[in-house]
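Summary of structural features
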Amino acid sequence: MKAAVYYENGAPSVFRYEDVPDPVPGPGEMLIDVEVVSVEGGDTLNRLGGPLISVPHIVGYQNAGTVLSVGPEVSGFAVGDRVVSLAFYGSHAELRVAHPLTTWKIPDGLATELAACVPVAYGTAHDALFEFGHLAEGETALIHAGAGGVGLAAIQMAKRAGARVIATASSDERLSRLSQYGLDDGINYREKDFVAEVRSLTHNRGADVILDSVGGENLQRSLTALAYRGRCITFGNAGRDDAMKLDTSMLGGSNQSLIGYFLGPELFVGSRAHEMIAKLLDDVAAGDLRVAIDRRFALADAEEAHEYIESRQAFGRVVLLTQ
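Residues numbered from 1 in each chain as written. Predicted model: local features only at pLDDT ≥ 70, side-chain atom pairs only at ≥ 80, totals over all residues. Heavy atoms only, no water.

**What about the side chain of Ser85?**
Looking at the element boundaries, Ser85 is found in strand β5 (residues 82-86). Exposure remark for Ser85: the relative accessible area of 0% places this residue in the buried category. A distance of 3.1 Å separates polar atoms of two side chains, one belonging to Ser85 and the other to Thr103. In this structure, Ser85 is in contact with Ile32, Tyr61, Gln62, Asn63, Arg96, Ala98, Thr102 and Thr103, ignoring residues within four places of it in sequence. (Helix = DSSP H or I, 4+ residues; strand = E, 2+ residues; numbered from the N terminus. Buried < 20%, exposed > 50% of the residue type's maximum accessible area, 1.4 Å probe, protein only. Polar contact = N/O pair within 3.5 Å; in protein donor to acceptor, adjacent residues only side chain to side chain. Contact = heavy atoms within 4.5 Å.)

**Remarks on unusual backbone geometry**
Cis geometry marks the peptide bond from Val55 to Pro56; its omega dihedral reads 5°. Along the chain, Pro56 turns up in the loop between α1 (41-49) and β4 (62-70). With a phi close to 55°, Ala145 is a non-glycine residue in the positive phi region. The residue Ala145 is located in the loop between β8 (140-143) and α4 (149-160) in this model. Positive phi, normally seen in glycine, also occurs at Arg229, with a value near 65°. Using a relative accessible area of 55% as the deciding quantity, one classes Arg229 as exposed.

**Quick notes on helix α7 (residues 216-223)**
Within α7, six of the eight residues are buried, which leaves it mostly tucked inside the rest of the structure. Looking at α7, one finds that the buried residues are Gly216, Asn218, Leu219, Gln220, Ser222 and Leu223. Contact partners of the buried residues in α7: α6 (194-201), β11 (207-212), β12 (226-234) and β13 (257-260).

**Topic: the nonpolar core**
Core analysis: the largest hydrophobic core is formed by 56 residues, its most contacted members being Tyr122, Leu129, Ile155, Met157, Leu211 and Leu281. Those elements that place two or more of their residues in this core are β5, α3 (119-132), β8, α4, β9 (164-169), α5 (172-178), β11 and α9 (272-286). When residues in this core are grouped by element, the largest group, seven residues, is from α4. Beyond its immediate sequence surroundings of up to four residues, Met157 is in contact with Tyr122, Ala125, His126, Leu129, Phe130, Leu280 and Leu289. Counting 23 residues, the second largest nonpolar core, distinct from the first, contains Val34, Val37, Ala314 and Leu320. (Core = buried A, V, L, I, M, F, W, Y, C linked by side-chain atoms within 4.5 Å.)

**Considering the sheet that holds β11**
The strands making up a sheet are joined through hydrogen bonds of the backbone, oriented either antiparallel or parallel. Across the sheet, which stays open at both edges, the six strands sit in the order β10-β9-β8-β11-β12-β13 with parallel pairing between neighbours. What marks the edges here is a single partner per strand, and that holds for β10 (185-188) and β13. On average, each strand axis in the sheet is inclined to that of its neighbour by 15°, with strand direction left out of account. In terms of strand pairing, β8 meets β11 through three bridges, oriented parallel. Within β11, the position partnered with Ile143 by the bridge is Leu211. Sitting on the sheet, α3 is in contact with β11, β12 and β13, with an inclination near 150° to β11. Lying on the sheet, α6 is in contact with β8, β9, β10, β11 and β12; it crosses β10 at an angle near 160°. (Pairing = 2+ DSSP bridges. Axes fitted to C-alpha atoms, helices over the stretch in contact; angles between N-to-C directions.)

**Quick look at the environment of Asp33**
Within the secondary structure, Asp33 is located in strand β3 (residues 30-38). Residues Asp33 and Gly65, spaced 32 residues apart in sequence, show a C-alpha to C-alpha distance of 5.4 Å. Among residues more than four places away in sequence, those in contact with Asp33 are Ala64, Gly65, Thr66, Leu68, Glu94 and Leu95.

**Some words on the pairing of β8**
The alternating pattern of β8 places Thr140 and Leu142 and Ala141 and Ile143 on opposite faces, both of which are buried. As paired elements, β8 and β9 share four bridges and run parallel to each other. Residue Ile143 lies in a different strand from β9, and its bridge partner there is Ala167. In this fold, β8 hands off to α4, which returns the chain to β9; that crossover is right-handed. (Right-handed = clockwise from strand over helix to strand, strands pointing away.)

Now the structure itself:
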């Protein structure tokens, strides 16, 4: 099969488009003919500095396609099913081995390329807002990186839950586009102090729930934008700042919480997260939630796709197509 691989961590230029051996599924696994790869923020972070499981390494969490074969210990899936699947690596390829715990059937009527974008971004947004953030009707949510995949999903979910939605983005044009997804108030973080703006918009109360995918100094400042008993959920570290030490000393005085989140482990603890993502796929199929695809690249052009994501120009998702 063809795959976008690399032999060492680094910038997008490390990618090579090469022939590699076809993956071989075990008894409890399936083999998927991949059609669409959703490039996740975590894929770019792993390419930059994550572990190389093999050399050459195939990076990537999420893709979608059609089941080619099913192992004898697999139930609920059949050859020919359209599916979207997750794993810790291996998405940037024409074939992928999938496990039922991290695979979902694509609802009838939902385009494969839209389904390919749902589990990571929409599952993360839903869990961060509700399972861990406990967002309630009438509360205020601050969502950083509102024009990203998780951000767009979170804006829609928070709005339909009856919350007031504030989001940050890098330009007024992107914030304007977010209004059609349910944004109430936008903050151009390049021009304004988001902490001061949140305080002003909430009459100095702060945000009840903050989703921070940036990390570093942005996360530190997010803590100062929390309301009394506010909850800040951190994930992703898109700012790539691992060295900074957080000062959490102010949280106790206002009974606030800082919670780290990663979707992966939740999928292996009971069936809750799997069922949650299946429901989100149904919601997208029904039009209750929307997926925005900014650009499509060929799998052979993974370098250009990663460069585009890292330029922070994307509005929504960037996908790779194998055909």
